[in-house]
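Read off the chains here:
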Amino acid sequence: MKAIKGKPFFSGIHLRDNKSLSCGQKAETMPLPQEVYISLSQSLGKPAVPKVEKGAKVREGELLAVADGAISSNVFASIAGEVVDIKPLPCANGETETYVVIKGDGSGEKVTLPPLSAPDAEAIKERIKDCGIVGLGGAGFPAAVKVSPRTPVDTLIINGAECEPYLTCDHRLMLENAEEIARGARYIAKALGVSKIIIGIEANKRDCIAEFEKFDDIQPVLLKKQYPMGSEKHLIYVTTGRKVGLGKLPADHGVVVQNVATAFAVCEAVEKGKPLYERILTVSGGAVKQPKNLWVRVGTCVKDIVDYCGGEVTELIIKKDLQTVKTDADNQTETSKNRVTEKSAVKKVVQGGPMTGVALATYDVYVHKTTAGILLLDKKEAAAEEPTPCLNCGMCADVCPMHIMPMQTAFYSAAGDFETAAKLGGTAACIECGACEYVCPAKRPLIQAIRKTKAYLRGKGVPAPAVKPVDQKGRSAPTVPDKELGENQSENEKENKNG
Ligand code: SF4
Ligand code: SF4
């Protein structure tokens, strides 16, 4: 089907995407790690419950832990070997998770489920659940829950926007595995009982658009390059014109969204019986020697991945040491000698994308099902500047795709008044895209303030939709459901001017 153009949406930002570092790198399969640390927390819900004990021999693809509740997911061994430990360890976000440690035996023994031929909707749903498939776009929401919506849906949207700078793993997957993504999308559509499949792809990946124009049953939609285009609510709006309200689910508006990598994983689960224990990710940034797109096993150590990519870029530091040399005539002459030392160019390491990822304090963290990238950023890219006082410039609110007031959240949360922060800032509607912090000229830590406020609300048991965003004058502030994302641009502008 020939691609059609998606709608624009108001606000958001235009980022330098820095994708050229890795988008030309064909996906490679990383050699098997000798040891993996597999977290039992691989989804939004509770950690899975271990089914193996220390000393157990496991094969690749064997069930290690069973989902605990609806939004938990099954966890599988990603290499064959022996379970040498089950222990708590700090993970990338600083929280502690329980890990199953497997020491590989190099046997490569594996186990799969029987492939399904011509499966019906129920068999597909069951397979997605059994194989522990979660949304691979970053959220980690179990795919099995999404394919069983409470209300009937009519459209499946495959998310190929990949709007985060640097990340190109979805780009490579769409180029190299379009057939598998299309088949996976058809299985998901069958499970949902829908016939309309849309794939949204940003305009900086026109080569992928061409791949999907080959299919008669999938409608490619060319999306404007605008951040955060890959946000579920914005993607739904730009591809279908439907607006998902605060506290509502896409399914309430007849839509289900799945990432391209999730569709690929569904294809593997149905056709090969392969559980989710391997994923594609991007290693990039100005401070890694060889940016790559890699297939890696869940549980692989970030250090091993960085080493496989040639390690860190180093810069030479040249210092002049002055030496006093005696000449024959006993005159003293000064000569200089260079002292050359090497220093790492890495200023910041990020797991995920630079806008929504997590800064790492150590390389000793491990790949999860949702890890889409490892970025080694140099001084220029990391742009680490000290925050200065807020200028009240309003730029953060201008770019916010949810039309809320991040500066209010930051101001009141700094004073410890989280309830006012949430009320005036409209924090509950925040999708944590990072656009506000990116444009802030004072480099205020807005995301940190937003997360702190949300954590406080969660701790108090305040349901997110109960908090209505209001603007600086206490009026109900525009949010996605109340305000057009793109259609009412002039109205939005008027409001900004008057407000
Ligand atoms: S307030 Fe939230 S949704 Fe708005 S720009 Fe900042 S991070 Fe994005
Ligand atoms: S962009 Fe930064 S300086 Fe400007 S109002 Fe927002 S927080 Fe304050």
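1. Side note on the overall build of the protein
- Looking only at helices and strands, the protein features 15 helices and 20 strands.
- When each of the 499 residues of the protein is scored for burial, the buried share is 51%.
- For the protein, contacts bridging at least 24 residues in sequence account for 70% of all contacts bridging at least 6.
- Surface exposure of the protein reaches about 22,800 Å², of which carbon and sulfur atoms provide 50%.

2. A short note on the confidence of the model for the protein
- Summarising the model, the protein shows a mean pLDDT of 88, and 89% of its residues fall at 70 or more.
- Low pLDDT (under 50) marks residues 464-499, which in the prediction has 75 contacts with non-local residues, meaning those over four places away or in another chain.

3. Some words on the pattern of salt bridges
- Summed over all chains, the structure comprises 20 salt bridges.
- Across the pair Lys 87 and Asp 85 runs a salt bridge whose closest N-O atoms are separated by 3.9 Å.
- Note that Lys 146 and Glu 232 form a salt bridge whose closest N and O atoms lie 2.9 Å from each other. Highlighted residues: Lys 146 in helix 2 (residues 143-146) and Glu 232 in helix 6 (residues 232-240), separated in sequence by 86 residues.

4. Quick look at the environment of Thr 300
- Relative to the helices and strands, Thr 300 resides in the loop between strand 15 (292-297) and helix 8 (302-308).
- The exposure class assigned to Thr 300 is buried, which follows from its relative accessible area of 1%.
- Thr 300 has contacts with Met 30, Pro 33, Val 36, Ile 305, Val 365, Tyr 366 and Val 367, leaving out every residue within four places of it along the chain.
- Separated by 2.6 Å, the side chain of Thr 300 and the backbone oxygen of Arg 297 make a polar contact.

5. What about the nonpolar core?
- By size, the foremost hydrophobic cluster in this structure holds 55 residues, and its most contacted members are Ile 133, Leu 156, Ile 158 and Ile 181.
- In terms of residue count, the dominant contributor to this core is helix 4 (residues 178-192) (9 residues).
- Of the residues that make up this core, three or more belong to each of domain 1 (4-27 + 114-278) and domain 3 (283-377).
- With sequence-adjacent residues up to four places away left out, Ile 181 is seen in contact with Ile 158, Leu 173, Met 174, Phe 212, Val 260, Ala 263 and Phe 264.
- The next biggest cluster of nonpolar side chains, apart from the first, holds 23 residues, and it includes Ile 13, Leu 223, Ile 236 and Val 255.

6. Re the sheet that holds strand 4 (residues 49-50)
- The antiparallel open sheet is built from 3 strands, whose spatial order is 4-6-7. The sheet is open, and its two edges are formed by strand 4 and strand 7 (75-76), each paired on a single side.
- Inspection of the sheet shows strand 6 (residues 63-66) paired to strand 7 by 2 bridges, in the antiparallel sense. Bridge pairing links Leu 63 to Phe 76 in strand 7.

7. With respect to the sheet that holds strand 11 (residues 196-202)
- The parallel open sheet is built from 5 strands, whose spatial order is 1-12-11-10-13. Each end of this open sheet is capped by a strand with a single partner; those strands are strand 1 (4-5) and strand 13 (255-259).
- In this sheet, strand 12 (residues 218-223) lies alongside strand 1 in parallel orientation, the contact comprising 2 bridges. Of the residues in strand 12, the one forming a bridge with Ile 4 is Val 221.
- Strands in contact with helix 7 (residues 260-272) are strand 10 (155-160), strand 11 and strand 13; relative to strand 13, the strand with the most contacts, it is inclined by about 85°.

8. Focus on the site of ligand 1
- Neighbouring ligand 1 are 14 residues; Cys 400, Cys 430, Cys 433, Gly 434 and Cys 436 lie closest to it.
- Going through the elements one at a time, helix 13 (435-439) and helix 14 (446-460) are the ones with two or more residues in the shell around ligand 1.

9. Concerning the side chain of Thr 168
- Relative to the helices and strands, Thr 168 resides in the loop between strand 10 and helix 3 (169-176).
- Among the polar contacts made by the side chain of Thr 168, one reaches the side chain of Ser 22 at a distance of 2.7 Å.
- Aside from chain neighbours lying at most four places away, what touches Thr 168 is Lys 19, Ser 22, Cys 23, Glu 162, Thr 282 and Asn 293.

10. Topic: the packing of helix 12 (residues 418-425) against helix 14
- Contact pair helix 12 / helix 14: the axes reach a minimum separation of 9 Å and the direction vectors enclose 115°. By the angle between their axes, helix 12 is roughly perpendicular relative to helix 14. You can see that helix 12 and helix 14 cross each other, and the crossing is left-handed. Along the contact surface, helix 12 presents Phe 418, Glu 419, Ala 421 and Ala 422, while helix 14 presents Lys 452, Thr 453, Tyr 456 and Leu 457.
- Here the contact of helix 12 with helix 14 is composed, by residue class, of 5 nonpolar, 1 polar and 2 charged.

11. Side note on a nonpolar patch on the surface
- Taken together, the side chains of Leu 316, Ile 318 and Val 340 define a hydrophobic patch exposed on the protein surface, amounting to about 310 Å² of accessible area.
- If you trace the backbone, Val 340 turns up in strand 17 (residues 332-344).
- The exposure class of Val 340 is partly exposed, given its relative accessible area of 49%.

12. Description of helix 1 (residues 121-130)
- Within helix 1 the residues assigned to the buried category are Ile 124, Lys 125, Arg 127 and Ile 128. Along helix 1, the residues classed as buried sweep out an arc of 165° about the axis, all on the same side. Counted as exposed and oriented over 90 degrees from the buried face of helix 1: Glu 122 and Lys 129.
- Buried residues in helix 1 make contact with helix 2, helix 4 and helix 7.
- Of the residues one or two after helix 1, Gly 132 is the one with positive phi, at around 65°.

13. A few points about the packing of aromatic side chains
- One pass over the full model with this rule turns up 6 aromatic pairs.
- Taken together, the aromatic side chains of Tyr 37, Tyr 99 and Tyr 366 make up a single cluster linked through ring pairs.

14. Quick word on helix 12
- Those residues of helix 12 that fall on the buried side of the exposure criterion are Phe 418, Ala 421, Ala 422, Leu 424 and Gly 425.
- Taken together, the buried residues of helix 12 touch helix 11 (406-414) and helix 14.
- Positive phi shows up at Gly 426, right after helix 12, with a value of about 65°.

15. A word on the environment of Lys 320
- Topologically, Lys 320 is positioned in strand 16 (residues 314-326).
- Taking the C-alpha atoms as reference points, Lys 320 and Asn 338, separated by 18 residues in sequence, lie 4.5 Å from one another.

Cut-offs applied
- Counting starts from 1 at the beginning of each chain's written sequence and moves along it residue by residue.
- By the order in which they are written, chains take letters starting at A while ligands take numbers starting at 1.
- It should be noted that, the model being predicted, local features are given only for residues of pLDDT at least 70 and side-chain atom pairs only at 80 or more, the latter also being counted only at that level, while totals for whole chains, interfaces and linings use all residues.
- Excluding hydrogens and water, the side-chain figures rest on all heavy atoms present in the structure.
- Every helix listed is a DSSP run of H or I at least four residues long, and every strand listed is a run of E at least two residues long, numbered separately from the N terminus.
- Working definition: with a 1.4 Å probe on protein chains only, accessible area under 20% of the residue-type maximum means buried, over 50% means exposed, and in between means partly exposed.
- Here, two residues are considered to be in contact whenever any of their heavy atoms come within 4.5 Å of each other.
- Per-residue accessibility takes into account occlusion by the displayed protein chains alone, with areas from the Shrake-Rupley method and a 1.4 Å probe.
- Scored from 0 to 100, pLDDT reflects the predictor's confidence in each residue.
- Any carboxyl oxygen of Asp or Glu that lies within 4 Å of a side-chain nitrogen of Lys or Arg is treated as forming a salt bridge with it.
- The definition of a polar contact used here is a pair of N or O atoms within 3.5 Å, where within protein one atom must be able to donate a hydrogen and the other to accept one, and adjacent residues in sequence count solely through side-chain atom pairs.
- We call a set of buried residues a nonpolar core when its members are Ala, Val, Leu, Ile, Met, Phe, Trp, Tyr or Cys and they connect through side-chain atoms within 4.5 Å of each other.
- Reported domain spans reflect what an automatic or database domain assignment gives.
- Should DSSP find at least two bridges between two strands, the strands are regarded as paired.
- With axes taken as lines fitted to C-alpha atoms, and helix axes fitted only over the stretch in contact, angles between N-to-C directions fall between 0 and 180 degrees.
- One heavy atom within 4 Å of a molecule or strand makes the whole residue count as near it.
- Working definition: roughly parallel below 35 degrees, roughly antiparallel above 145 degrees, roughly perpendicular at 65 to 115 degrees, and oblique for all remaining angles.
- Left-handed is the label given to a crossing in which the near helix is rotated counterclockwise from the far helix by less than a right angle, and right-handed is the label when the rotation is clockwise.
- In the scheme used here, Gly and all other residues not listed as nonpolar or charged are polar, with Ala, Val, Leu, Ile, Met, Phe, Trp, Tyr, Cys and Pro taken as nonpolar and Asp, Glu, Lys and Arg as charged.
- Patch definition: residues above 30% relative accessible area lacking any salt bridge, with like charges linked at up to 9 Å and the nonpolar side chains Val, Leu, Ile, Met, Phe, Trp and Tyr linked at up to 5 Å.
- Here the arc refers to the directions that run from the helix axis out to each C-beta atom.
- Only rings of Phe, Tyr and Trp enter the pairing, Trp through its six-membered ring, and a pair is recorded when the two centres are within 6.5 Å. The plane angle decides the type: under 30 degrees is stacked, over 60 is edge-to-face, the rest tilted.

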